[in-house]
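# Fold and geometry: a report
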Amino acid sequence: MFSLYIHIPFCRQKCFYCDFPSIAANSTTLYNDYITAVIKEINLRRQILGPLKISTIYFGGGTPSLLPPESIGILLSAVSAKFIVSSDAEITLEANPGTVSLDSLQKLNQYGINRLSIGVQATQNNLLKFLGRIHNFKQVQTAVDDAKKAGLKNISLDLMYGLPSQSLKMLSESINWFLNQDIQHISIYGLQIEKGTRFAHMQLNNKLSLPNDELVEQMYDYITNTLPLHGFYRYEISNFAKPTFESRHNMTYWQDKPYLGIGCAAHSYYNQQRTYNTHNVYKYIKTCNDNLLPSIKEETLDRKKWMEEFCFLALRTVDGINKTKFKDTFNCNIYDIYCESINKLKSQHLLSEDKEHLCLTPLGMKFGNTAFESFLQ
Ligand code: SF4
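First, a word on scope: everything that follows refers to the structure included in this document. (Residues numbered from 1 in each chain as written. Predicted model: local features only at pLDDT ≥ 70, side-chain atom pairs only at ≥ 80, totals over all residues. Heavy atoms only, no water.)

### Observations regarding the pattern of salt bridges
The following threshold applies: Any carboxyl oxygen of Asp or Glu that lies within 4 Å of a side-chain nitrogen of Lys or Arg is treated as forming a salt bridge with it. Counting from the N terminus, the helices are the DSSP runs of H or I reaching at least four residues and the strands are the DSSP runs of E reaching at least two. The classification of residues rests on relative accessible area computed with a 1.4 Å probe and restricted to protein chains. Under 20% of the type maximum is buried, over 50% is exposed, and intermediate values are partly exposed.
Scanning the model with the defined rule gives 15 salt bridges in all. Between Lys 149 and Asp 146 there is a salt bridge whose closest N-O contact spans 3.9 Å. Placement of the pair is Lys 149 and Asp 146 together in helix α5 (residues 137-149), with a separation of three residues, close to one helical turn. For Lys 149, a relative accessible area of 59% puts it in the exposed group. The salt bridge partner of Lys 323 is Glu 353, with a shortest N-O separation of 2.8 Å. Linking Lys 323 in helix α12 (residues 323-330) with Glu 353 in strand β16 (residues 351-353), this pair joins segments that are 30 residues apart in sequence. Taking the relative accessible area as the measure of exposure, Lys 323 reaches 17% and is therefore buried. On the basis of relative accessibility, which here comes to 31%, the residue Glu 353 falls in the partly exposed class. Linked by salt bridges that have partners in common, Arg 274, Glu 299, Lys 305 and Glu 309 make up one network.

So this is what it looks like as structure tokens:
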């Protein structure tokens, strides 16, 4: 079984903190050319991989909800024509408030979208504006209400913390609002200042006032303590879900399972091979139109790299590393390879162990990077 990711690289405008592969574009011709290219890539991948069985589909971006719903319907039909999509496939679309309506969400639901991931980030208009988001809080409320009216029963909201001028009180207001929405999933993101973004430029010019480390830690603690009290259990470092609503698609990445990435900047992973598509939208369109694969780089994971990735990706999840699965996969005991790292992390109270698993403690989740680095030798 494969998971399928389809990248839609368009946004109405670039958020000030964002270094994701997306461009500000509002051109129907460009959108249509891109859809045609994606369909060509689907056909090319099918020729190489055969009729794969697909268990999840994820439209990420960018802002997939910028496209007319009919375009998403066309892409889903193209996928179903070439691959075998499970009847119970989880099919997610990332959406931003201000780019959806009741009508568009109803159509998306009819085309097969059964999970919506909405980029809310915060509920204060001044914060949203400062982040360069295109929406205001009223549009957030409308988007969530419309999603429910449209019949979507699996809704995830994104929340950001550690934002310039964000206080603990503002964060708690946002969380309270989230908790009153009858939603199923919440993803949290601590703001990182990424190279090349407007925020990075502002920081360089001393024009960005970020909360200090102590306040960011208080925000993190507040989120991770509050959400579980309200039925959202933490199944991965940055993700909380009501029982049975974990993102099946994202679990693929953390469980060393195969996935196919279609679209510009998408990457694929199967048979320990990773393939990367070009980030350039125009180059992507041209290459696919020439009936060539848009991959620009291929990497085969050697045994050491595969083990490292297996471990640190699994550690992101609440179940951690399954020792038997490690043994079955690599034909050796995990202690033969990582004894020193495991003992060190256990002595620092970052890692705990039971008969079957090695997993991060709550402290380990907080300082995840320290734990992950221990597995990179
Ligand atoms: S909407 Fe998302 S992908 Fe687009 S610029 Fe903002 S953060 Fe980046």
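### A word on the sheet that holds β16
What counts here: Two strands are counted as paired when DSSP detects at least two bridges linking them.
Strand order in the open sheet formed by three strands is β15-β17-β16, with antiparallel pairing between adjacent strands. A strand with exactly one partner marks an edge of an open sheet, and here the two such strands are β15 (321-322) and β16. Bridge analysis of β16 against strand β17 (residues 357-360) gives three bridges, and the strand direction is antiparallel. Note on β17: the bridge partner recorded for Glu 353 is Leu 358.

### A word on the pairing of strand β7 (residues 155-161)
Across the seven residues of β7, seven count as buried, placing the element largely inside the fold. Taking every second residue as pointing to the same face, both faces of β7 are buried, with Ile 155, Leu 157, Leu 159 and Tyr 161 on one and Ser 156, Asp 158 and Met 160 on the other. As paired elements, strand β6 (residues 115-121) and β7 share four bridges and run parallel to each other. Bridging across to β7, Ser 117 finds its partner in Ser 156.

### Regarding the site of the ligand
The criterion, for reference: Proximity is defined per residue: if any heavy atom of the residue lies within 4 Å of a molecule or strand, that residue is considered near it. Three residue categories are used. Nonpolar comprises Ala, Val, Leu, Ile, Met, Phe, Trp, Tyr, Cys and Pro, charged comprises Asp, Glu, Lys and Arg, and polar comprises the others, including Gly.
Surveying the vicinity of the ligand reveals the residues Cys 11, Gln 13, Lys 14, Cys 15, Tyr 17, Cys 18, Phe 20, Ser 22, Gly 62, Thr 63, Asn 96 and Arg 133. When grouped by side-chain class, the residues that make up the shell around the ligand number five nonpolar, five polar and two charged.

### Notes on the packing of helix α2 (residues 69-82) against helix α3 (residues 102-111)
Heads up, the rule is: A fitted line through C-alpha atoms represents every axis, and for helices the fit uses only the stretch in contact; the resulting angles, taken between N-to-C directions, go from 0 to 180 degrees. When describing relative orientation, an angle under 35 degrees is termed roughly parallel and one over 145 degrees roughly antiparallel, while 65 to 115 degrees is termed roughly perpendicular and anything else oblique. In what follows, residue pairs with any heavy atoms lying within 4.5 Å of each other are defined as contacts.
Interhelical geometry of α2 versus α3 gives an angle of 10° and a closest axis separation of 9 Å. As far as their axial angle goes, α3 and α2 are roughly parallel. Residues Pro 69, Glu 70, Ile 72, Gly 73 and Leu 76 of α2 touch α3, and the partners they reach there are Ser 104, Lys 107, Leu 108 and Tyr 111. Each residue belonging to the contact of α2 with α3 can be placed in one class, and the counts come to five nonpolar, two polar and two charged.

### Some words on the nonpolar core
Rules: Buried Ala, Val, Leu, Ile, Met, Phe, Trp, Tyr and Cys residues form a nonpolar core when they are joined through side-chain atoms within 4.5 Å. An automatic or database domain assignment supplies the residue ranges for each domain.
With 95 residues, the main nonpolar core has Phe 10 and Phe 59 as its most contacted residues. The element best represented in this core is helix α1 (residues 28-49), accounting for seven residues. Of the residues that make up this core, three or more belong to each of domain 1 (2-254) and domain 2 (303-374). Setting aside anything within four residues of it in sequence, one finds Phe 59 in contact with Ile 6, Ile 8, Pro 64, Ile 72, Leu 75, Leu 76, Ile 91, Thr 92, Leu 93, Glu 94 and Ile 113.

### Brief notes about α5
Convention followed: By definition here, a helix of n residues has an expected span of 1.5 Å times n minus one. The directions considered for the arc run from the helix axis to the C-beta atoms. Pairs of N or O atoms are called polar contacts if they sit within 3.5 Å, as long as, within protein, a hydrogen donor faces a hydrogen acceptor (for residues adjacent in sequence, only side-chain-to-side-chain pairs).
An ideal rise of 1.5 Å per residue puts 18 Å on 13 residues; α5 measures up with 18 Å between its terminal C-alpha atoms. Residues Val 140, Ala 143, Val 144, Asp 146 and Ala 147 constitute the buried set of α5. Buried residues in α5, looked at end-on, bunch into an arc of 165°, giving them a common side. The exposed set on the far side of α5, more than 90 degrees from its buried face, consists of Lys 138 and Lys 149. Of the surrounding secondary structure, the elements contacted by the buried residues of α5 are α3, β6, β7 and α6 (168-179). Near the N-terminus of α5, the side chain that reaches the backbone nitrogen of Lys 138, with its oxygen 3.2 Å away, is that of Asn 136. Gly 151 occupies a position one or two residues after α5 and carries a positive phi of about 100°.

### Observations concerning helix α11 (residues 303-314)
Given 3.6 residues per helical turn, the α-helix brings residues three or four places apart onto the same face. For α11, built from twelve residues, the straight-helix expectation of 16 Å at 1.5 Å per residue is met to within 8% by its first-to-last C-alpha distance of 16 Å. The set of residues buried in α11 consists of Trp 306, Met 307, Glu 308, Glu 309, Phe 310, Cys 311 and Ala 314. Packing partners of the buried residues in α11 comprise α9 (248-254), β12 (267-270), β13 (273-277), β15, α12 and α13 (334-347).

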